[in-house]
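Chains, contacts and geometry: an overview
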Amino acid sequence: MAAATFDAAASVLYVGGTPKDGQVAQAALLQPGTEPHEVRWVGTLGAALERLATTHVRAVLLDRQVPDSPGIEGLERLVHAAPAVPVLAIVADDSNAVELLAAGARDVLLASRLDSYWLARAIRYAVDCAQSESAVLAERARTELTLDSIGDGLLTLDESLRITSLNRMAENMTGWVRADAIGERLDGVVQIVNATTREAVTLSGDGALSWRPVLEIAPDNVLIRRNGTELAVEYKAQQFRDVTGRMTGATVVFRDVTTRRALSLQMAHLASHDPLTDLPNRLLLSDRLGRSLEMVRRYKRWLAVLFIDIDRFKYINDSLGHLVGDELIRSVAREITKCVRSSDTVSRHGGDEFVVVLSELEHAEDAA
């Protein structure tokens, strides 16, 4: 094997210098005890970019002399064209090694040390590192895709409670995009208030995270998004500690319960109200009557309970139909409600019957 160009696909691409430089590298990589590599030599950067686009290459050896793109520029173009392929820069001395590494070189090799030991070792190390990084990046991409696909918002925090990541659902729920949120304090991005009292709920306290191992936030809180709109949420926060007990980070998982909470309120309302008139039903009437009786005993005032029905309602229902009968029921309910105070209770007891509870009367005659 006397030349530095081969018909088979190359595993190492030598860029720049002379064909003899490629032959020297090939000879070093065919020594007994070294992992065999085929070396393909190309004299220009343009030819190298074409080769990278069409041929599988494990590593690139970039000579210090490349006619069409000398210096750092050629290195940067190679790294940009094939970021997964490690580029090893060959130099006469190591005076600009730091600059080459900063530009993307995986390693810097002295031309005088391209023997079978050092060259094979450097290529093996560079390829292993590149493969490990590719595996880490692929796993990270899969993880991010999975987290972006779940229906809950997820934030991760460092030990000082600054946000290190958030998934797409967390972006939607908080109104913060990742670029703006990462590095911000948790309380600056996640603003929680009690839905009833409007008091702020502080998550991080005045210093390091003082949560219990798992903190479950009460379900009657709302998240104020970045644009000021509100979202009903439930969530859990968990901290992580190392073997010494020092906190190393935390996660917060949000769940949007706006729809569930609205449905729950609707179901609770339907369970205690008449579906035709939306007045309190017998269940709610019993509760309110019991509370009113307690107030009577405490403040020594009068309480009145009125029973009202509609005369000849069965005849109206039978002769004019149920739709008219239902509308009559609703109309009577509206009229009775107008005649009493907001603190009083008007209940549909069933059929054409209504019960009215008048609380806190000065005299019994006031009921009339």
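Residues numbered from 1 in each chain as written. Predicted model: local features only at pLDDT ≥ 70, side-chain atom pairs only at ≥ 80, totals over all residues. Heavy atoms only, no water.

This part covers the packing of aromatic side chains. According to the stated counting rule, one finds zero aromatic pairs in the structure shown. Across the ring face of Y315, the terminal group of R312 is positioned such that the distance to the ring centre comes to 4.9 Å. (Phe/Tyr/Trp six-rings, centres within 6.5 Å; stacked < 30°, edge-to-face > 60°. Lys NZ or Arg CZ within 6 Å of the ring centre and 35° of its normal.)

At a closest axis distance of 10 Å, the pairing of helix α2 (residues 45-54) and helix α3 (residues 72-81) adopts a crossing angle of 10°. Here α2 lies roughly parallel to α3, going by the angle between them. From α2, L45, A48, L49 and L52 reach across to α3, where they touch G74, R77, L78 and A81. Its residues assigned to classes, the contact of α2 with α3 comprises six nonpolar, one polar and one charged. (Axes fitted to C-alpha atoms, helices over the stretch in contact; angles between N-to-C directions. Helix = DSSP H or I, 4+ residues; strand = E, 2+ residues; numbered from the N terminus. Parallel < 35°, antiparallel > 145°, perpendicular 65-115°, else oblique. Contact = heavy atoms within 4.5 Å. Nonpolar A, V, L, I, M, F, W, Y, C, P; charged D, E, K, R; others polar.)

What follows is about helix α1 (residues 19-28). Every buried residue belonging to α1 is among G22, A25, Q26 and A28, and all of these are buried. Looking down the long axis of α1, one finds its buried residues gathered within 165° of arc, a one-sided arrangement. (Buried < 20%, exposed > 50% of the residue type's maximum accessible area, 1.4 Å probe, protein only. Arc of directions from axis to C-beta.)

The strand order across the open sheet formed by five strands is β2-β1-β3-β4-β5, and the pairing between neighbours is parallel. Of all the strands in the sheet, just β2 (39-42) and β5 (107-110) have a single pairing partner and so form its edges. Ignoring strand direction, the axes of neighbouring strands in this sheet form an average angle of 25°. Inspection of the sheet shows strand β1 (residues 12-15) paired to β2 by four bridges, in the parallel sense. Its bridge partner being in β2, V15 is matched across the sheet by V42. (Pairing = 2+ DSSP bridges.)

Attention now goes to the sheet that holds strand β15 (residues 345-350). Spatially, three strands are ordered β14-β16-β15 in an open sheet, and the strand pairing comes out antiparallel. Only two strands of the sheet have a single partner each, and these edge strands are β14 (302-309) and β15. Sheet twist, expressed as the mean angle between neighbouring strand axes with direction ignored, is 20°. Bridge count for β14 against strand β16 (residues 353-361) is seven bridges, and the pairing is antiparallel. By the bridge assignment, I308 is partnered in β16 with F354.

Bringing the confidence of the model for the chain into the picture now. Of the residues in the chain, 89% reach a pLDDT of 70 or more, and the chain-wide mean stands at 81. This stretch, residues 1-9, has a pLDDT under 50; its non-local contacts, to residues over four places away or in other chains, come to 21 contacts. (pLDDT = per-residue confidence, 0-100.)

Two side chains of opposite charge can pair, provided their charged atoms sit close to one another. Under the defined criterion, the tally for this structure stands at 14 salt bridges. For the salt bridge of R291 with D287, the shortest nitrogen-to-oxygen distance reads 3.1 Å. Of this pair, R291 and D287 are both found in helix α10 (residues 282-299), four residues apart, which corresponds to roughly one turn of the helix. When its relative accessible area of 36% is taken as the criterion, D287 is described as partly exposed. Among the ionic pairs, E327 bridges to R330, the shortest N-O distance being 3.2 Å. Pair noted here: E327 and R330 are both in helix α12 (residues 322-338), with a separation of three residues, about one helical turn. Judged by relative accessible area, E327 falls into the partly exposed class, the value being 37%. Several salt bridges share partner residues, and in doing so they unite E327, R330 and R334 into one network. (Salt bridge = Lys/Arg side-chain N within 4 Å of Asp/Glu carboxyl O.)

Before going further, it helps to examine the environment of L231. Checked against the element boundaries, L231 lands in strand β12 (residues 230-241). Taking C-alpha positions, L231 is 8.0 Å from V257, a pair spaced 26 residues apart along the chain.

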